[in-house]
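One letter stands for each residue in the lines below.
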Amino acid sequence: MTPAARVQAAIEILDEYLAGKPAEQALTGWARRSRYAGSGDRAAVRDHVFDALRNTRSFAAVGGAMTGRGLMLGAARLAEQDLDTLFSGATYAPTPLSPAERDSGHPPKPGAEALDLPDWLMGDFSGSLGDNAEAVAEVLKQRAPVHLRVNTAKMTRSAAQGLLREEGITCVPHAAADTALEVKEGARRIRNSQAYRDGVVELQDAASQAAVQMLPLRDGMRVLDFCAGGGGKALAMAARAGIELYAHDADPARMSDLPKRAARAGIEVKILKSGDLQPAGPFDLVLCDVPCSGSGTWRRAPHGKWSLTPETLDRLRNSQAQILCEAADIVAPNGVLAYMTCSLLEVENDAQVSVFTEKTRNWVLQSKRSWSLLDGTDGFFTAHLKRLD
Ligand SMILES: C[S@@+](CC[C@H](N)C(=O)[O-])C[C@H]1O[C@@H](n2cnc3c(N)ncnc32)[C@H](O)[C@@H]1O
């Protein structure tokens, strides 16, 4: 496909997205209809679409319309590309620009439009990030790096780096965690690599790894991952110490890959249904990696930036508070309740911890830490609460 044909494909996919179809579905549908597109074409079209999702408001402003064509015109203008080469009217390329389109567009208005954030979120976002708010919003407009977690129970970080290099995947150590590698070249080869298939590496952002590294894990501890999902944190915890590991999720289907992933990593995990939590407890450490806005990961899942509403944020906050209360019940005396979110928002982070410590007796905040995206990781938050009785 020519560069212009890739842009036309992105225009059609973005129009479907703007009409309400999830972006992934629109991309898959296009790929099925377009057998002629090779893997390089598919990757390039995907990159166009995701760049537009991260920069929707500013691209639409500069391109003069909230349409697939407006978004891609805005992207081309901001990248100072030759518009007549892309909008050429050649076979499979976008049709030439009309006079009205040539005159359209304006620089994004300072504030939410320029920062590519929803208007309603600006107060919470700025209040949470203070002087860093603009810089963080700028990073959220860019592509996320690919990070790997080395399963150090199987191999050292430098040995894994060497193994990946032999398979054409170039990585460098990431400063955020002693298990983290950042992929510089060959990211698309990871899932088929021997190192991945043998459970030597997993895809996981470096901030998540750093948060797991902070947990006070010791051999023999009984540890519950209360919101286990796909098990990313559970696997990372098991790689750090010889723990007795349990996993639970309100939606057990979310854990369907966990047994396979655990086997690949060479660890054992017992899955618990909600009704089995109390009888199986108490636990020395309960990790609550709660459902959240995902604002720290909006580079990877940019549609989340536009689909979040004040109502869904309220629902998430209620659910976070409830999870903390339920999980606290099954922490052993002197045990630890570890709270984690991939959110940048204070209302999901410090505020939740404060509400919990204010309304419960015998719990103290032992430590907390946040990552804002300015250190080359996703945004992330963790707090450790210790039970005193
Ligand atoms: C952020 S994800 C977990 C990601 C996972 N820990 C990982 O590292 O791959 C949050 C998970 O919480 C689960 N969840 C939502 N409400 C819950 C509840 N009330 N109790 C337990 N799990 C819940 C969701 O189904 C979802 O899988």
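Just so it is clear, the model here is predicted, and its values are computed rather than measured.

**Examining the overall build of the chain**
The secondary structure content of the chain amounts to 19 helices and 11 strands. At 23 Å, the chain has a C-alpha radius of gyration in line with the 21 Å of a compact globule built from 389 residues. Expressed as lengths along the three principal axes of its C-alpha atoms, the size of the chain is roughly 75 × 50 × 35 Å. Burial status across the chain gives 51% buried among its 389 residues.

**Section: the domain arrangement of the chain**
Domain parsing of the chain yields domain 1 (3-108), domain 2 (146-203) and domain 3 (215-387). Each of domain 1 and domain 3 has a C-alpha centre, and these two points are 38 Å apart. When domain 1 packs against domain 3, close to 570 Å² is buried across both sides, 64% of that on carbon and sulfur atoms. Along the contact surface separating domain 1 from domain 3 lie 0 salt bridges.

**Quick word on the site of the ligand**
Taken together, 17 residues form the shell around the ligand, and within it Cys227, Ala228, Lys233, Asp249 and Asp289 come nearest. In the model, a nitrogen atom of the ligand is placed 3.1 Å from a nitrogen or oxygen of the Cys227 main chain. In the environment of the ligand, a nitrogen atom lies 3.4 Å from a nitrogen or oxygen atom belonging to the backbone of Ala228. Across the shell around the ligand, the residue classes tally to 7 nonpolar, 5 polar and 5 charged.

**Observations regarding the pattern of salt bridges**
Side-chain pairing between opposite charges can occur once the charged atoms of the two side chains come close. Taken as a whole and assessed by the stated rule, the structure comprises 26 salt bridges. When the shortest N-O distance is used, the salt bridge between Lys233 and Asp289 registers 2.9 Å. Within this pair, whereas Lys233 is found in helix 14 (residues 232-240), its partner Asp289 is found in strand 8 (residues 283-289), the two being separated by 56 residues in sequence. On the accessibility criterion, Lys233 (12% relative accessible area) is buried. The class of Asp289 is buried, set by a relative accessible area of 18%. The structure contains a network of salt bridges with shared partners spanning Asp47, Asp51, Arg54, Arg143 and Arg188.

**Remarks on the UniProt feature "domain: SAM-dependent MTase RsmB/NOP-type" (unreviewed entry) in the chain**
In the UniProt entry, the feature "domain: SAM-dependent MTase RsmB/NOP-type" (unreviewed entry) is given for residues 136-389. The straight-line gap between the two end C-alpha atoms of residues 136-389 is 40 Å; of that span, 32% is helix and 26% is strand.

**Quick look at the sheet that holds strand 9 (residues 331-341)**
In a beta sheet, neighbouring strands are held together by backbone hydrogen bonds and run either parallel or antiparallel to one another. Here we have 7 strands laid out as an open sheet, ordered 7-6-5-8-9-11-10, and mixed in their pairing. The open sheet terminates on both sides in strands that have one partner only, identified here as strand 7 (270-271) and strand 10 (363-372). Bridging between strand 5 (residues 222-225) and strand 8 involves 3 bridges; their strand directions are parallel. Within strand 8, the position partnered with Leu224 by the bridge is Val286.

Basis of the calculations
- Residues numbered from 1 in each chain as written.
- Predicted model: local features only at pLDDT ≥ 70, side-chain atom pairs only at ≥ 80, totals over all residues.
- Heavy atoms only, no water.
- Helix = DSSP H or I, 4+ residues; strand = E, 2+ residues; numbered from the N terminus.
- Rg over C-alpha atoms; globule rule 2.2 N^0.38 Å.
- Buried < 20%, exposed > 50% of the residue type's maximum accessible area, 1.4 Å probe, protein only.
- Domains from an automatic or database assignment.
- Buried area = accessible area lost by both parts, 1.4 Å probe.
- Salt bridge = Lys/Arg side-chain N within 4 Å of Asp/Glu carboxyl O.
- Near = heavy atom within 4 Å.
- Polar contact = N/O pair within 3.5 Å; in protein donor to acceptor, adjacent residues only side chain to side chain.
- Nonpolar A, V, L, I, M, F, W, Y, C, P; charged D, E, K, R; others polar.
- UniProt positions renumbered as here; feature names shortened; annotations may be inferred.
- Pairing = 2+ DSSP bridges.

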